[in-house]
Amino acid sequence: MRTTRTVPARPALIVTLALATAGAPLLAPGTAGADPKPVTREGAGADDRAARAPESAALRALAAPQEASGATADRGYPRRRTLSPDPENPGDRSLKLGLTPYHAIAPKLNALQRLGDRVSVEVTGRSAGGRRLYLVTVTAPESARQARAQERMRELIGNAPAAAAKSPEIKRDYKTPVFVNSNIHGNEWEGTDASLKVIEQLATARDAKTRDLLAHSRLYFNITANPDGRIAGTRANANGFDLNRDFVTASQPETRVMRQIELGKQPAVLLDLHGYVNGTLIEPTTPPHGENYEYDLFLKNTYANALGMESAVDALGYTPAKDGVEPAQIPFRDQQEGWDDWPPIFTPQYAAFHGTVAAHTVEIPLAVNNEEYDELPVPELRRRAAINTAVAGAAIRATLTHVREHRGTLITDQIEVFRRGATGAPQVPVSPETVPGVPGIGPEDVYTTTFPRAYVIPPGTARTQRSAPAAARLVDHLLANDVRVTRATRPFRLAGRTYPGGSYVVDMHQPKRGMANVLLADGRDISDEVSVMYDISGWSLGRLWGATVERVPSGSLRGAPLRAIGQATPVAHVPARGGLRLRLTDPREVAALNSLLRRGVPVRGATDGSVIVPASARRAALTAARAHDVSFSATRDTGTARLHRLRVAAAVTPGELFALREMGFDVTPVSTAVLNAGFDWSGTDVLFVSAGLDHAALTAPARQALESFLDGHGLVGRGATGAALNAAAGLLAVKPVEGNKDANGVVRVTNSGALTRGAPAHGFVYAPLWFTDPGPGVRVEQSYATGNPLVSGHWRPLPGGFGGPAGAAGQASVVSGGQTVLFGTEPLFRDHPKGEFPQVARALFTVAHSGSVEESG
């Protein structure tokens, strides 16, 4: 892991903002110390522990609605709801810290609603573990008519920003939306407790500043974004997902709830409360800055609010000598690199695309999780937790002061974000002139992009149906992210090219053009910009989700036969006669196949990588087509070997485990510990390994049982862990070469084998691997493209020139032979690169059904 490199501070602008005076005094500081912690890169790709989430959590996440259902806009405030209590849980990890356990939250919220007419509570959804997610709204009372007026003004800002900019009603009456998000990482607890304290103070304070704040603002508190992790003391939710990496994919119900808060409330300001960096870390960030943001507006407001939070935190009086608390830091000013806002996977960065012009990750100072939780005495943990709660509370109160004093500017700038998108106006590069008052702006902070005129997503052809499920899924995902999509009612021409009827068109003259572009564009190779990135640097849905996405740089959409849509057109289809072919080029098609196998349908493989369903199973095929929105085509092919339902043992990352279950595989999580405890291999058809299984750490009986299994069954391996097991077991004769472990991004690949037939020409890497020196019987299924294979992301060679993209160019990225397949790419990374999923599915079926990859096709 790399750490942030701290450098001499940029020149600081000293600004003093008044602190909120409402409410009770903050907790008093203690006396002992704590060491500062460096910023480190964290993520699934750096995790060598095998996932072990229960299948029930995945099923809940997959079945959860794509959007949370909240209170309706035609109701006024307060909107009281009496919450039933949860059973008391003495195992809740919050208790040891003296913090609020999850089971105490519902009673606390009921009590807060009884304090007056300012606090409302709604249940916005449930976590992957099945626990309620609470959103608290604090505002002055509103009649139903006033609430409808607020909703009308919000929609005007987001949908007709030019008109909103001229509206005297908005300037006079619109309530500034503020979103405080707490506990997205379950073992970073204190934001929840700080929010509860602030809500209580706001509910009862009678001073003029509080009344003014609530008369002109709506304050939304997501009390705990990750109750599963809060209870268990884990960073991740019940599925093992880091929710603060999930916003592009939105695979988890908690993420979808947060997304819906962003869409439904349209906050101008956001705080995402985390821990632990000492001194308190307050965004804005170091370069690189996301090129799709209206960064001049974002930096202006985010930096100004950061100064206020810094002053408030430092004013608490904690010192390094007395309390172990360092002065607060603002990365943009105080660091050179290593804490960036490049990817939209983080809460504040994602929020910027929905009009949030001041958005912050706030890292409170004193570590109480991981080894500290286990090793420190309880009094010290509680002292630290009390300080952290006070720091988080100071950050919230300072933000509310900033909102009260600058609400006009915040809303004006939010409108300007949407206006630029709707009119196709150019971005404004940051400079001392365009963002006055922010010190130290230099060329290293300038990141802009050229937006295309449109994107076109063809629907797939009737003959192949190759991209139809992928196109439909991508369009629905765009719509879920509030991107406007239209559909052509007949063929049309754009920029000199004819597109078929049914094509989807994303007009980039729309308020949320940044959201559209960050999802669909290729992205950029930023390897030369900085030496280190905090997390992933490439994520293109246009390249990784399996649909064809055409970028149209210029042209006119005037007169094009386009109709606005609210959902993609279903693609489910089963021909009325003949045998049926199902192509396995999309995870939905794999899920449909597994559903047929689960029902006992006699499905056979085909030489082109598809599968054949007999005409006698047409009714079952129709059920699968409708359930998974896939299309079957007619065929006379009878297929080759019959497929059977697979039972997969998987030592994999959480994202991979979730993706396997999303495709309908029956998966049993395993690890070194599980095998050493005595695993029964009799119920397993194939082993998939990428994390948490160390051959050398197995006991002699466990090693013998594993090797006996591999003697007659298949292995699919990914990354260094999969390659190591292959070598230890003496299966496939290849030499794995590890690239720079900090590298990640979208890469060009060349597909040359049966497993990758029909796969996209792009893949995803995170700590990339490639294979050289293939022995007899080894087949290259896929290779990194020649030249520089990196399309977007960050991939530098190691010192000495090794491990970079030049070393990977032209080398094998996926190899097979016998009953083994090895991946050097990340085809299931965090449940994200949907177009790559079928490669793994084909590999599993192939090694489980044949002694030779080449023979199986």
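Position numbers for residues start from 1 in each chain and track the written sequence from start to end. Residues qualify for local features only when their pLDDT is at least 70, as the model is predicted, and side-chain atom pairs are given and counted only at 80 or more; totals for whole chains, interfaces and linings, by contrast, use all residues. Hydrogens and water are ignored here; the side-chain numbers use all heavy atoms of the structure.

Peer 1: Quick rundown of the overall build of the chain? Include the residues and the values.
Peer 2: Strands here mean DSSP runs of E at least two residues long; helices mean DSSP runs of H or I at least four residues long; both are numbered from the N terminus. What the chain contains, in helices and strands, is 27 helices and 34 strands. Here the C-alpha radius of gyration of the chain, 27 Å, is about what a compact globule of 857 residues would show, namely 29 Å. In terms of overall dimensions, the chain has C-alpha extents of about 80 × 70 × 55 Å along its principal axes. The rule is simple: take the accessible area with a 1.4 Å probe, protein chains only, and divide by the maximum for that residue type; under 20% is buried, over 50% is exposed, in between is partly exposed. Relative to its full complement of 857 residues, the chain shows a buried share of 61%. Every residue pair with non-hydrogen atoms within 4.5 Å of one another is taken to be in contact. Sequence-distant contacts in the chain: of pairs separated by 6 or more residues, those separated by 24 or more amount to 81%. The globule rule used for comparison is 2.2 Å times the number of residues to the exponent 0.38, while the radius of gyration itself is calculated over C-alpha atoms.

Peer 1: Run through the sheet that holds strand β19 (residues 579–582), naming residues and quoting values.
Peer 2: Whether parallel or antiparallel, the strands of a sheet pair through hydrogen bonds between backbone atoms. Spatially, the four strands line up as an open sheet ordered β20-β21-β19-β22, and their pairing is antiparallel. Unpaired on one side and paired on the other, β20 (604–605) and β22 (633–635) mark the two borders of the sheet. Here the rule is simple: two strands pair whenever DSSP picks up at least two bridges between them. Relative to strand β21 (residues 611–613), β20 is paired through two bridges, and the arrangement is antiparallel. Counterpart to R604 in the pairing with β21 is I612.

Peer 1: Could you give me a rundown of the pattern of salt bridges, with the residues and numbers involved?
Peer 2: A side-chain nitrogen of Lys or Arg and a carboxyl oxygen of Asp or Glu constitute a salt bridge if their distance falls within 4 Å. Applying the stated criterion to the full structure yields 47 salt bridges. Residues R513 and E294 are paired through a salt bridge, measuring 3.1 Å at the closest nitrogen-oxygen approach. Here the residue R513 occupies a position in helix α17 (residues 513–520), and E294 occupies one in the loop between β8 (286–289) and α10 (295–314), the gap between them amounting to 219 residues. Comparing R513 with E294 shows no difference in burial state: the two are buried. With a closest N to O distance of 2.8 Å, E380 and R384 form a salt bridge. Placement of the pair is E380 and R384 together in helix α15 (residues 378–423), with a separation of four residues, close to one helical turn. In this structure E380 comes out as buried when scored by relative accessible area, which is 13%.

Peer 1: If you had to explain the pairing of strand β32 (residues 790–794) to someone new, which residues and values would you point to?
Peer 2: In terms of residue burial, β32 counts as a mostly covered element, since five of its five residues are buried. Sheet analysis places strand β28 (residues 744–751) next to β32, joined by four bridges and oriented antiparallel. Its bridge partner being in β32, V746 is matched across the sheet by S792.

Peer 1: Tell me about the packing of aromatic side chains, residues and numbers included.
Peer 2: Pairing of aromatic side chains here covers Phe, Tyr and the six-membered ring of Trp, requires ring centres within 6.5 Å, and sorts the geometry by plane angle: under 30 degrees stacked, over 60 edge-to-face, intermediate tilted. Within the structure shown, the criterion is met by 21 aromatic pairs. Taking 5.6 Å as the distance between ring centres and 45° as the angle between the ring planes, the aromatic pair formed by F665 and F845 counts as tilted. A residue pair is termed long-range when its members are at least 10 positions apart, and F665 in the loop between α21 (654–662) and β24 (666–669) and F845 in helix α26 (residues 837–849) qualify at 180 residues. Here, a charge over a ring is recorded when the distance from Lys NZ or Arg CZ to the ring centre is within 6 Å and its angle to the ring normal is within 35 degrees. One residue, K96, lies across the ring of Y373, its end atom 4.5 Å from the ring centre. A cation sits over an aromatic face here: K834 above W545, 6.0 Å from the ring centre.

Peer 1: Account for the pairing of strand β2 (residues 119–126), naming residues and giving values.
Peer 2: Most of β2 sits inside the fold, with six of its eight residues counted as buried. Of the strand pairs in this sheet, β2 and strand β3 (residues 132–138) are connected by seven bridges, and their pairing is antiparallel. Pairing of V119 across the sheet is with V138, part of β3. Between β2 and the antiparallel strand that follows it, β3, lie five residues; G130 among them carries a positive phi value of about 90°.

Peer 1: Explain the nonpolar core residue by residue, including any values.
Peer 2: L109 and F221 are the most contacted members of the largest nonpolar core, which has 155 residues in total. The element best represented in this core is α15, accounting for 17 residues. Beyond its immediate stretch of four places on either side in the chain, F221 contacts Y134, L135, V136, V138, V180, S195, V198, I199, L202 and I396. Among buried residues, those of type Ala, Val, Leu, Ile, Met, Phe, Trp, Tyr and Cys that are joined through side-chain atoms within 4.5 Å constitute a nonpolar core. Within the second largest apolar cluster, 49 residues are counted, among which are V630, L657, F688 and L755.

Peer 1: An account of the packing of helix α1 (residues 55–63) against α21 is requested, with residue identities and associated values reported.
Peer 2: Remark: α1 packs on α21, axes separated minimally by 10 Å, with the N-to-C direction vectors making an angle of 65°. Judged on the interaxial angle alone, α21 and α1 are roughly perpendicular. Helix-helix and strand crossings are classified by hand; for α1 and α21 the assignment is right-handed. Facing E55, A58, A61 and L62 of α1, the residues of α21 in contact are F658, R661 and E662. Only the stretch in contact is used when fitting a helix axis, every axis being a line fitted to C-alpha atoms; angles between N-to-C directions are given from 0 to 180 degrees. For classification purposes, an angle smaller than 35 degrees is called roughly parallel, one larger than 145 roughly antiparallel, one from 65 to 115 roughly perpendicular, and anything else oblique. Here a crossing is called left-handed whenever its near helix is offset anticlockwise from the far helix by less than a right angle, and right-handed whenever the offset is clockwise.

Peer 1: Could you give an account of the sheet that holds strand β6 (residues 269–275), with specific residues and numbers?
Peer 2: Strand order in the open sheet formed by seven strands is β2-β3-β5-β4-β6-β11-β7, and the pairing between neighbours is mixed. Of all the strands in the sheet, just β2 and β7 (281–282) have a single pairing partner and so form its edges. Sheet topology places strand β4 (residues 176–182) next to strand β5 (residues 217–222); six bridges connect them, and they run parallel. Paired with V180 across the two strands is F221, which belongs to β5.

Peer 1: Which residues make up the environment of V506, and what values do they have?
Peer 2: Looking at the element boundaries, V506 is found in strand β16 (residues 504–507). A residue is classified by how much of its surface remains accessible, and V506, at 0% relative accessible area, is buried. For the pair V506 and A564, spaced 58 residues apart in sequence, the C-alpha to C-alpha distance is 9.9 Å. Setting aside residues no more than four positions away along its own chain, V506 makes contact with R453, A454, Y455, L478, V483, R484, V485, A516 and L520.

Peer 1: Which residues make up unusual backbone geometry, and what values go with them?
Peer 2: A cis amide bond, omega 10°, links Y77 with the succeeding residue P78. Tracing the chain through its elements places P78 in the loop between α1 and α2 (105–113). Residue P288 is bonded to the preceding P287 through a cis peptide linkage, with omega at 0°. One non-glycine residue, D482, lies in the positive phi region at around 70°. Along the chain, the position of D482 falls in the loop between α16 (468–480) and β13 (486–488). One non-glycine residue, D831, lies in positive phi territory at about 60°. Here D831 shows up in the loop between β34 (820–823) and α26.

Peer 1: Please set out α2 residue by residue, giving values where relevant.
Peer 2: Of the residues making up α2, those classed as buried are I105, A106, L109, N110, L112 and Q113. When α2 is viewed along its axis, its buried side chains cluster within an angular range of 160° and face the same direction. Against the buried residues of α2 lie β2, β3 and α6 (190–204). Directions are taken from the helix axis to each C-beta atom, and the arc is the one they span.

Peer 1: Give me the lowdown on the packing of α16 against helix α19 (residues 587–598), citing residues and values where you can.
Peer 2: Relative to each other, α16 and α19 sit at 115°, their axes nearing to 8 Å. Judged by the inter-axis angle, α16 sits roughly perpendicular to α19. Touching P469, A472 and R473 of α16 are P587, R588 and E589, all from α19. Only Asp, Glu, Lys and Arg are considered charged, only Ala, Val, Leu, Ile, Met, Phe, Trp, Tyr, Cys and Pro nonpolar, and every remaining residue, Gly among them, polar. Residue classes in the contact of α16 with α19 are distributed as three nonpolar, no polar and three charged.

Peer 1: Would you mind going over α10 in detail, with residue names and values included?
Peer 2: The span one expects for a helix is its residue count, reduced by one, times 1.5 Å. With 20 residues, α10 should reach 28 Å at 1.5 Å per residue; the first-to-last C-alpha distance of 27 Å fits that figure. For α10, the buried fraction is high: 16 of the 20 residues fall into the buried class.

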